[in-house]
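Examining the three-dimensional arrangement
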Amino acid sequence: MIIDIADNVAIALAAIMTLLFVATAIAWPQRKKKHELWLRTRTWWVIILLLAVSIVLPSWVPIALFGLISFLAFKEFVTLIPTRRADHRVLLWAYLSIPLQYYWVSIGWYGMFIIFIPVYIFLALPLRMVLAGETQGFIKAAGTVHWGLMIAVFSLSHAAFLLALPASGNPVAGGDGLLLYLLLLTEINDVGQYCSGKLLGKHKVVPKVSPNKTVEGLVGGVIITTLVAMLAAPYLTPLSWYEAGAIGFVLALAGFAGDVTISAVKRDLKLKDSGSLLPGHGGVLDRVDSLTFTAPLFFHIVYFLYY
Amino acid sequence: MTMSRWLRRLFALCVLRPVAIMMLGITVRGRENLPTSGPAIIVANHNSHLDTLVLLSLMPYRHIDIVRPVAAADYFLSNRYLAWFSLQILNILPLERGNAARGEDPLQESAAALDRGEILIVFPEGSRGAAEIMGKFKGGVARLKERYPSVPVIPVFLQGAGKALPRGEIVLVPVVVDAVVGTEVPWTGNRAQYTAEMESAVRALGASLPKVFDDEED
């Protein structure tokens, strides 16, 4: 069988797995306590291994894989937020937008992909709610359900759309290369912030939201991610060194923002205060939190510059 | 092996497991408290038809033929297709609601099942009621326990199924279902007291879970 991937993509996959081995080694002592870094690294393994397998298959396979991640993340969100009884069918509509959104991605229909959830679903959900007829709690319900779709489906689907971009925009490694580059930087940033925070952390950034996040961790993550972005760019992307540096810098901040945003959501739902997280409730959304912010930013910067 | 035993296994593999994993993604706490052999009685709160499926999917595959959901005959045997499915596939133990008033023993079937070493699944609220609101427990399990004090009664709290498939809805919306399994409720020597004890055991298991609906009355 001929494996249809660029050499650079294969090398990058190997490099990412090496890094994952390092991250696994760092997190290993905490595996018993199910520490955040351990769970996160384990999730990254699942994502990367599935991706490595699916990337050699037709592009709809990895796209469907992201669709599945969106489904699981959105399901988790729907479970966690208190919803109204009257919104049963509304939630069904919201779920149906997931396969449609990823269908637009798989056929590469950019115009529909970019407005489907922010415009059409945004308008359709309240319409369905009005038909259900319950006005008590209307604004909150309309807001939370759509917000969940934006985070879990719309944002994440940007990572998948990288695979649908024309190969001509990135001669060195195609859409596969861009996706790997995004995942590499997001992962490096997760690990980099954690490690530098552990080693040097003193001053808390957002003590009320996430007491473990420190200025030192954030700065360390930004430096590491920016450096890796510049080093890896020539192999996986069409980016020049200064564009890559800027993207690394932006993604490091975005990854941090995604992480603390989901933390704030969990705090709002009183999931952090209840001591230990419920099993399964610290699942998908929690693990892809940084990606929900890095994916759309990365996509739009690259799209603006090269497509 | 009879036809229905094959179909039951097929249903468990092709419907029960996929729905449990993909559509719901059940999270269980206290799985080690589930009975490993019969006879036993599992009591749970009831919000949705999915509750039975959730509990069935939690039970080990090898117990597939001895797990018997106790279900209302007037509903589950109301037409021949549903009756066939309920009796052959879900393997329910039909319970005649309201026949105690007619002087019959409603627990005869259940007692016989316990004698055979089967595991009963009972929803002591008697009906699904309003979604995700727990009603008062009825006294049937306490009567059984009085007759069989050594048979363990295991409380289970289920949450989320009433959001995934509330009463009166026919479409299932994917929601993570939580199941919290507690430890055996020991016989107290008094039926009314035992029923209250069981009810509060189930309620206590649910106390730590986040709330499901926005418009829940307290």
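Residues numbered from 1 in each chain as written. Chains lettered and ligands numbered in written order. Predicted model: local features only at pLDDT ≥ 70, side-chain atom pairs only at ≥ 80, totals over all residues. Heavy atoms only, no water.

Turning our eyes to something else, we now look at the overall build of chain B. In terms of regular secondary structure, chain B is built from 8 helices and 7 strands. Here the C-alpha atoms of chain B give a radius of gyration of 16 Å, agreeing with the 17 Å that 2.2 N^0.38 yields for 218 residues. Overall, chain B is about 45 × 40 × 35 Å in size when its C-alpha atoms are taken along their principal axes. Relative to its 218 residues, chain B shows a buried fraction of 52%. Long-range contacts, defined here as pairs at least 24 residues apart, represent 75% of the contacts in chain B between residues at least 6 apart. Split by element, the accessible area of chain B, about 10000 Å² in all, is 57% carbon and sulfur. (Helix = DSSP H or I, 4+ residues; strand = E, 2+ residues; numbered from the N terminus. Rg over C-alpha atoms; globule rule 2.2 N^0.38 Å. Buried < 20%, exposed > 50% of the residue type's maximum accessible area, 1.4 Å probe, protein only. Contact = heavy atoms within 4.5 Å. Areas by Shrake-Rupley, 256 points an atom, 1.4 Å probe, with all protein chains shown as cover.)

What follows concerns the domain arrangement of chain A. Residues and elements named next belong to chain A. Considered domain by domain, chain A is made up of domain 1 (1-57 + 168-307) and domain 2 (60-164). A separation of 23 Å is found between the C-alpha centroids of domain 1 and domain 2. Taken together, the 30 residues of domain 1 in the interface contact 25 residues of domain 2. Approximately 2400 Å² of surface area, both sides summed, lies buried where domain 1 meets domain 2, with 84% of it carried by carbon and sulfur atoms. Its largest share of buried area at the contact with domain 2, domain 1 owes to Val284, Leu285 and Phe299, together 23% of the area lost on that side. Summed over the shared surface of domain 1 and domain 2, the result is 0 salt bridges. Across the side of domain 1 that touches domain 2, the residue classes tally to 20 nonpolar, 8 polar and 2 charged. (Domains from an automatic or database assignment. Buried area = accessible area lost by both parts, 1.4 Å probe. Salt bridge = Lys/Arg side-chain N within 4 Å of Asp/Glu carboxyl O. Nonpolar A, V, L, I, M, F, W, Y, C, P; charged D, E, K, R; others polar.)

This paragraph deals with the interface of chain B and chain A. Contacts between the two partners involve 30 residues from chain B, matched on the other side by 22 residues from chain A. Approximately 2200 Å² of surface area, both sides summed, lies buried where chain B meets chain A, with 60% of it carried by carbon and sulfur atoms. Summed over the shared surface of chain B and chain A, the number is 1 salt bridge. The interface formed by chain B and chain A holds 8 residue pairs in polar contact (both at pLDDT 80 or more) in total. Of all the secondary structure elements, the ones that give two or more residues to the side of chain B that touches chain A are helix H1 (3-24), strand E1 (27-29) and helix H7 (161-164) of chain B. With 4 residues, the top contributor of residues to the side of chain B that touches chain A is H1 of chain B. (Polar contact = N/O pair within 3.5 Å; in protein donor to acceptor, adjacent residues only side chain to side chain.)

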